[in-house]
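What follows is each chain in one-letter form.
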Amino acid sequence: MPRKPDKPKPPPQQHKRWEGKEKPDWLSRALARAGIFPQKEAEDAIRAGRVSINGRVAKMALTPVPPGATVKVDGHVVSLEAPPTRVLAFHKPAGLLSSTERQHRTGTVFEALLPQLPPELAGYTWHAVGRLDVDSTGLLLFTNDDKLVAHATSPDTRLPKRYVATVFSTADDDKVEPLRRGMTLDDGPARPAKVRVRDEHTVEVTLTEGRHHQVKRMLGAVGLPVRALHREAVGGVALEGIPEGTFRLLTDDEVREGLRYEGRAPSAP
């Protein structure tokens, strides 16, 4: 008799280590999110043997932190609970990159902002909410809550951003009308913008999306090349009263109402 073929063996069961459990965070990221250290300082502290988990010294930044673990820094217990959402409004000067890395001796907004922070804010890892070109000025927001970055920069949120452009040519309502109707750029259609001609060389443009060099490209397409660009407001948060190169901490109401974001609330005492 011919031999019956062997039955195929079932594939080996894949065991998911954290299935059904809360997935642990990395140690360095957990410390940074809790505001104990900025990310880079957290990594340095771990390498130096200053951090322990449940009594054992951790030497790797990617060491998982199980839920409920006791974490100590320099022998002192620290809380890894997510801190409340904090947002800074910074008045960006011209000549700074909206980046963490400088280029060709050009400084960054982080180099200008971080040394100013008081101790109660200095421990957080700060994220820029969107960008401004190196030669652009005005309102640039920073937050310790990465979910706020996604919220504020998503075109689906339709959070308005108000810019003032100084243009080389003479502006009038007829020239800027295509921006109000909605125009097509090289990367696709742009939403209709709210536009006001303040004077013959100053145009106010409010967008509900934020694409690369969008204001400059829109005005350039109608014969109004931009000489200088300044952002005055994001949502209901305006730049007024913040000297160039300095910042202020937004209130919870400004975050909730001005940025339409509930944020993380402070822990109960």
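Nothing here was measured: the structure is a model prediction, and the numbers come from that model.

Novice: Describe the overall build of the chain, with residues and values.
Specialist: Within the chain one finds eight helices and 17 strands. A total of 269 residues make up the chain; the buried ones form 40% of that total. If you take every contact in the chain between residues at least 6 apart in sequence, the share linking residues at least 24 apart comes to 63%. In the structure as shown, the chain presents an accessible area of about 15,900 Å², 52% of it carried by carbon and sulfur atoms.

Novice: So, the side chain of Glu232: which residues are in play, and what are the values?
Specialist: As for its placement among the helices and strands, Glu232 is situated in strand E15 (residues 226–234). Of the polar contacts made by the side chain of Glu232, one reaches the side chain of Arg198; its length is 2.9 Å. Apart from residues lying up to four places away in sequence, Glu232 is in contact with Leu139, Arg162, Val164, Arg198, Val237, Ala238 and Leu239.

Novice: Describe the sheet that holds strand E2 (residues 51–53), naming the residues involved and giving the relevant values.
Specialist: One open sheet holds the four strands; their spatial order is E3-E2-E5-E6, and the pairing between them is antiparallel. Lying at the two open borders of the sheet, with one neighbouring strand each, are strand E3 (56–57) and strand E6 (76–78). Sheet topology note: the strand E5 (residues 71–73)/E6 ladder contains three bridges and is antiparallel. Looking across to E6, one finds that Val73 is bridged to His76.

Novice: Quick one: what's the story with the pattern of salt bridges, residue by residue and with numbers?
Specialist: Tallying each qualifying case throughout the model produces 21 salt bridges. A salt bridge links Glu177 to Arg180; the shortest N-O distance between them is 3.2 Å. Note that Glu177 and Arg180 are positioned in helix H6 (residues 173–181) at a spacing of three residues, about one turn of the helix. A relative accessible area of 30% means that Glu177 is categorised as partly exposed. Taking the relative accessible area as the measure of exposure, Arg180 reaches 26% and is therefore partly exposed.

Novice: Please set out the nonpolar core residue by residue, giving values where relevant.
Specialist: Ranked by size, the top nonpolar core spans 35 residues in total, and within it Phe142, Val167, Leu179, Val203, Val205, Met218 and Leu219 carry the most contacts. For this core, the secondary-structure elements that each account for two or more residues are strand E7 (87–92), helix H3 (109–113), strand E9 (137–143), strand E10 (161–167), H6, strand E14 (202–207), helix H7 (214–221) and E15. With residues up to four places along the chain from it excluded, the contact list for Val205 reads Lys161, Arg162, Tyr163, Leu179, Ala193, Lys194, Val195, Val215 and Leu219.

Novice: Which residues make up the environment of Val237, and what values do they have?
Specialist: Relative to the helices and strands, Val237 is located in strand E16 (residues 237–238). Spatially, the C-alpha atom of Val237 lies 9.1 Å from that of Glu257, the residues being 20 residues apart in sequence. Non-local contacts of Val237, meaning those with residues more than four positions away in its chain, are made with Leu139, Leu141, Glu232, Leu250, Glu254, Gly258 and Leu259.

Novice: I'd like to hear about H7, residue by residue, with values.
Specialist: Restricting attention to buried positions, one finds in H7 the residues Gln214, Val215, Met218 and Leu219. End-on, the buried residues of H7 take up no more than an arc of 120°, which puts them together on one face. Residues of H7 that are buried in the fold lie against E10, H6, strand E11 (184–185), E14 and E15. Once H7 ends, the next one or two residues include Gly223, with phi positive near 80°.

Novice: Tell me about the pairing of E9, and name the residues and values.
Specialist: Here E9 lies mainly inside the structure; seven of its seven residues are buried. Of the pairings in the sheet, the one linking E7 to E9 comprises six bridges and is antiparallel in character. For Lys92, the partnering residue across the bridge sits in E9 and is Gly138. Relative to E9, strand E8 (residues 127–129) runs antiparallel, the two sharing three bridges. Within E9, the position partnered with His127 by the bridge is Thr143. Summarising the sheet, E9 and E15 pair through two bridges and their orientation is parallel. Following the sheet pairing, Thr137 is matched in E15 by His230.

What counts, and where the lines are drawn
Residues numbered from 1 in each chain as written. Predicted model: local features only at pLDDT ≥ 70, side-chain atom pairs only at ≥ 80, totals over all residues. Heavy atoms only, no water. Helix = DSSP H or I, 4+ residues; strand = E, 2+ residues; numbered from the N terminus. Buried < 20%, exposed > 50% of the residue type's maximum accessible area, 1.4 Å probe, protein only. Contact = heavy atoms within 4.5 Å. Areas by Shrake-Rupley, 256 points an atom, 1.4 Å probe, with all protein chains shown as cover. Polar contact = N/O pair within 3.5 Å; in protein donor to acceptor, adjacent residues only side chain to side chain. Pairing = 2+ DSSP bridges. Salt bridge = Lys/Arg side-chain N within 4 Å of Asp/Glu carboxyl O. Core = buried A, V, L, I, M, F, W, Y, C linked by side-chain atoms within 4.5 Å. Arc of directions from axis to C-beta.

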